[in-house]
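Structural overview
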Amino acid sequence: KFNTRNIYWKLLYKESKSVTCIDTEPYLNWTKIWPEILSRELPSQERHLSYKIVHFALPFKCYLSELDKRCVACGLNGADNPKHFFSECLKYSDLRVKLNDAIRRLSLSLTFNWDTVRFNGALGPDLPPRDRKILRTLCAVYKSTLWTERATARTLDHRIYKPDTAVLDDKIAWKCQEILSI
């Protein structure tokens with residue numbers, strides 16, 4: 001049976017390049033980025049979300065023709081875009097501080113910024129396989145957990161919405177532990 005979806009993913013796993021990404025950002029080392037994004041160590045949900053972020057394919061208001069482009073979590077006007085939501089939104093600053101602390105405890109010379117999150121740590125320094133796996137997992141699970149959390153934020157008024165960062169932190173830690181134990 002002919003299935004274009006299977007062929008597409010097989011080409012990506014064989015380090016074929018995505019024309020869209022290269023045309024948009026030709027200066028990036030995509031041969032280093034793709035293995036981190038499409039790592040088979042990650043569950044498909046985390047891979048799929050990372051892939052969509054790289055392709056600017058998540059339904060953020062900045063990509064849609066909505067008039068109201070306020071962030072669904074903090075309400076900042078014109079800020080409903082992936083960079084803001086995953087790495088700048090004030091509602092999640094406590095969580096990012098905790099993740100930066102976790103990265104420092106692993107003695108990785110990285111800061112949890114937009115590029116680290118977007119590319120699952122691929123643009124950071126060369127790391128031993130174990131540290132690379134931990135960083136990839138942290139980035140992918142962070143995005144996946146926040147994206148799930150976004151559904152909650154959309155149903156509530158952003159002025160009263162307050163994410164429980166302790167619960168989010170626990171979810172991320174639990175999910176990371178689950179993936180790293182595979």
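1. Quick word on the overall build of the protein chain
- Along its length, the protein chain carries 9 helices and 0 strands.
- Secondary structure elements of the protein chain occur, N-terminal to C-terminal, as α-α-α-α-α-α-α-α-α.
- By residue count, 46% of the 182 residues in the protein chain fall in the buried class.
- Taking the contacts inside the protein chain whose residues are at least 6 apart along the sequence as the reference set, 60% of them involve residues at least 24 apart.
- When the accessible surface of the protein chain is totalled, it reaches about 10,000 Å², and 55% of it is carbon and sulfur.

2. Concerning the pattern of salt bridges
- By the definition in use, this model includes 9 salt bridges.
- Of the charged contacts, one joins R118 and E25 as a salt bridge, the two residues approaching to 2.7 Å between their closest N and O atoms. Taken together, the residues span a long stretch of sequence, with R118 in helix α7 (residues 114-118) and E25 in the loop between α2 (19-24) and α3 (30-37) at a distance of 93 residues.
- You can call E25 buried: its relative accessible area is 10%.
- A salt bridge links D169 to K98; the nearest nitrogen and oxygen atoms lie 3.8 Å apart. Residue D169 is found in helix α9 (residues 165-180), and its partner K98 is found in helix α6 (residues 93-105); the two are separated by 71 residues along the sequence.
- Salt bridges sharing partners connect three or more residues here, namely E36, E41, R132 and R136.

3. A word on the nonpolar core
- Within the largest apolar cluster, 33 residues are counted, with the highest numbers of intra-cluster contacts made by F85, F86, Y142 and I172.
- The element contributing the most residues to this core is helix α8 (residues 129-155), with 8 residues.
- With residues up to four places along the chain from it excluded, the contact list for I172 reads L95, L99, L138, V141, Y142 and T145.
- Core analysis: the second largest hydrophobic core is formed by 11 residues, W34, Y51, V54 and A122 among them.

4. Section: a nonpolar patch on the surface
- On the surface, F56, Y63 and L64 cluster together to form a nonpolar patch covering roughly 250 Å² of accessible area.
- Note that L64 resides in the loop between α4 (44-54) and α5 (82-87).

5. Observations concerning the packing of aromatic side chains
- Tallying each qualifying case throughout the model produces 11 aromatic pairs.
- With 5.9 Å between their ring centres and 40° between their planes, W34 and Y51 make a pair best called tilted. Taken together, the residues span a long stretch of sequence, with W34 in helix α3 and Y51 in helix α4 at a distance of 17 residues. Assigned by exposure class, W34 and Y51 land together as buried.
- Between the aromatic rings of F85 and Y92, the centroid separation amounts to 5.4 Å while the plane-to-plane angle is 75°, which identifies the pairing as edge-to-face.
- By relative accessible area, F85 is classed as buried at 0%.
- Y92 gets classed as buried once you look at its relative accessible area, which sits at 0%.

How each quantity is defined
Residues numbered from 1 in each chain as written. Predicted model: local features only at pLDDT ≥ 70, side-chain atom pairs only at ≥ 80, totals over all residues. Heavy atoms only, no water. Helix = DSSP H or I, 4+ residues; strand = E, 2+ residues; numbered from the N terminus. Buried < 20%, exposed > 50% of the residue type's maximum accessible area, 1.4 Å probe, protein only. Contact = heavy atoms within 4.5 Å. Areas by Shrake-Rupley, 256 points an atom, 1.4 Å probe, with all protein chains shown as cover. Salt bridge = Lys/Arg side-chain N within 4 Å of Asp/Glu carboxyl O. Core = buried A, V, L, I, M, F, W, Y, C linked by side-chain atoms within 4.5 Å. Patch = residues over 30% accessible without salt bridge, like charges linked within 9 Å, V, L, I, M, F, W, Y side chains within 5 Å. Phe/Tyr/Trp six-rings, centres within 6.5 Å; stacked < 30°, edge-to-face > 60°.

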